[in-house]
Amino acid sequence: MAPAEPDRPAPVQPGVSPRVVREERGGESTLTVVIAFGANLLIAAAKSFAAVVTGSASMLAEAVHSWADTGNEIFLLVADRRSRRPADPLHPLGFGREAYVWSMFAAIGLFAVGAGVSVTHGIQELVHPEPASDFGVAYAVLGLAFVLEGFSFLQASRQARAEARKAEHDVLHHVLVTSDPTLRAVYAEDAAALIGLVVAFGGVLAHQLTGSPVPDALGSIVVGLVLAVVSLVLVDRNRRFLVGEAARPETRAAVLDHLVAMPQVERVTYLRLEYVGPRSLYLVASVDLSGNEPEETVARRLDDLERVATRVPVIAGAVFTVSTPEEPSL
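A short tour of the structure in this document, coming up. Remember, predicted model here, so these are calculated numbers, not experimental data.

## Structural notes on the environment of Val-113
Then, number 1: Examined against the element boundaries, Val-113 turns out to sit in helix H3 (residues 98-127).
Then, number 2: Between the alpha carbons of Val-113 and Val-64 there is a distance of 7.3 Å; along the sequence they are 49 residues apart.
Then, number 3: Other than its neighbours up to four places away in sequence, Val-113 contacts Val-64, Ala-68 and Ser-118.

Structural data, given as structure tokens:
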């Protein structure tokens, strides 16, 4: 936790704790999703054209993949927007978990549409093979798609690297454990898209060289399997955060150190940190306050602790209670 800022009283809404952090503005994740949406929309249109002209199974699988990604970016934009809504009396900790709900829809869509259609079409192509043509169109579209997907992936990678550096994680580990589902989804989908483009290129090239549509159909199936793996990973991560995931050990240790360093706190006997949205934690702690003061003074001191804790942007809400003498320190 960062040092507290100077006291700035928050306006109180009826039924809503003034300790709740309100965050409505967009950020780096919004930019990452917007760039991915624009790139995928252009790529999907180009791949669809190439699939119709060439008759390639791999190109059709890639077109379906890109349309699925484009639709998913809409879900992610909704997730990012709705999760930033301010708290209200019925949702005193805000709407942060909506990010995981809409990101879950995106992951399921990627599985059902992207993976399902790609694998199904590949199998159908194996059973009823059809020759492809105009391979030059396919190569040109694949090249354009690689450039656009690469640009989107660079933006997602830049955000992931910056956040991973602050958290002292490697990039892949940070993408897996981050509480930001939009960053994870865009990074994973763009990485899968680049892999899919390489697979599709290999399938189209093998089709052209051998005259057999089998490699092309196998390429479609491989693209679908890659999408299935990615979507299942995304579903699992969103499920964990929806159920309620605790903060990472290093985050918990940093918060504990900060609480113990407060002059009014002698020791901490209980600490719970649970994610309630992207980069948003709910804190519950039992502390032993310094001195021996009347109940009214203790209540005010606990209230002050909660207000100080929620000035840190990552803490969405906090509840402090007084420890009993027999409770051991953490």
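Further notes follow.
## So, the pairing of strand E1 (residues 265-277)
Then, number 1: Direction of pairing for E1 relative to strand E2 (residues 280-289): antiparallel, over a ladder of ten bridges. The partner of Tyr-275 across the bridge, within E2, is Leu-281.
Then, number 2: If you look at the hairpin formed by E1 and E2, you'll find two residues sitting between the two strands, and Arg-279 has a positive phi there, around 55 degrees.

## Some thoughts on the sheet that holds strand E3 (residues 315-322)
Then, number 1: Read across the sheet, three strands follow the order E1-E2-E3 without closing on themselves; strand pairing throughout is mixed. A strand with exactly one partner marks an edge of an open sheet, and here the two such strands are E1 and E3. Sheet twist, expressed as the average angle between the axes of neighbouring strands with direction ignored, equals 15 degrees.
Then, number 2: Strands E1, E2 and E3 of the sheet are contacted by helix H8 (residues 249-261), whose axis makes an angle of about 140 degrees with E1.

## Let's talk about the nonpolar core
Then, number 1: Formed by 37 residues in total, the largest nonpolar core has its most connected members in Met-59, Leu-76, Val-186, Tyr-187, Leu-227, Val-230 and Leu-234.
Then, number 2: Of all the secondary-structure elements, those providing two or more residues to this core are helix H1 (28-54), helix H2 (57-82), H3, helix H4 (135-167), helix H6 (181-210) and helix H7 (214-243).
Then, number 3: The biggest single contributor to this core is H6, with ten residues.
Then, number 4: What Leu-234 contacts, discounting residues up to four positions off in sequence, is Ala-107, Arg-184, Ala-185 and Ala-188.

## A few points about H2
Then, number 1: Between its terminal C-alpha atoms H2 stretches 38 Å, which fits the 38 Å expected from 26 residues at 1.5 Å a residue.
Then, number 2: For H2, the capping residue at the N-terminal end is Ser-56, with a side-chain oxygen 3.2 Å from the backbone nitrogen of Met-59.

## A closer look at the packing of aromatic side chains
Then, number 1: A full pass over the atoms with the stated rule returns seven aromatic pairs.
Then, number 2: Relative to Phe-241, the ring of Tyr-100 lies with its centre 5.0 Å away and its plane at 10 degrees, an arrangement referred to as stacked. Of this pair, Tyr-100 sits in helix H3 while Phe-241 sits in helix H7, and the two are 141 residues apart along the sequence.
Then, number 3: What links up through ring pairs into an aromatic cluster is the set Phe-75, Trp-102 and Phe-105.
Then, number 4: Positioned above the aromatic ring of Phe-95, the side-chain terminus of Arg-85 is 3.8 Å from the ring centre.

Analysis parameters
- Residues numbered from 1 in each chain as written.
- Predicted model: local features only at pLDDT ≥ 70, side-chain atom pairs only at ≥ 80, totals over all residues.
- Heavy atoms only, no water.
- Helix = DSSP H or I, 4+ residues; strand = E, 2+ residues; numbered from the N terminus.
- Contact = heavy atoms within 4.5 Å.
- Pairing = 2+ DSSP bridges.
- Axes fitted to C-alpha atoms, helices over the stretch in contact; angles between N-to-C directions.
- Core = buried A, V, L, I, M, F, W, Y, C linked by side-chain atoms within 4.5 Å.
- Buried < 20%, exposed > 50% of the residue type's maximum accessible area, 1.4 Å probe, protein only.
- Expected span 1.5 Å × (residues − 1).
- Polar contact = N/O pair within 3.5 Å; in protein donor to acceptor, adjacent residues only side chain to side chain.
- Phe/Tyr/Trp six-rings, centres within 6.5 Å; stacked < 30°, edge-to-face > 60°.
- Lys NZ or Arg CZ within 6 Å of the ring centre and 35° of its normal.

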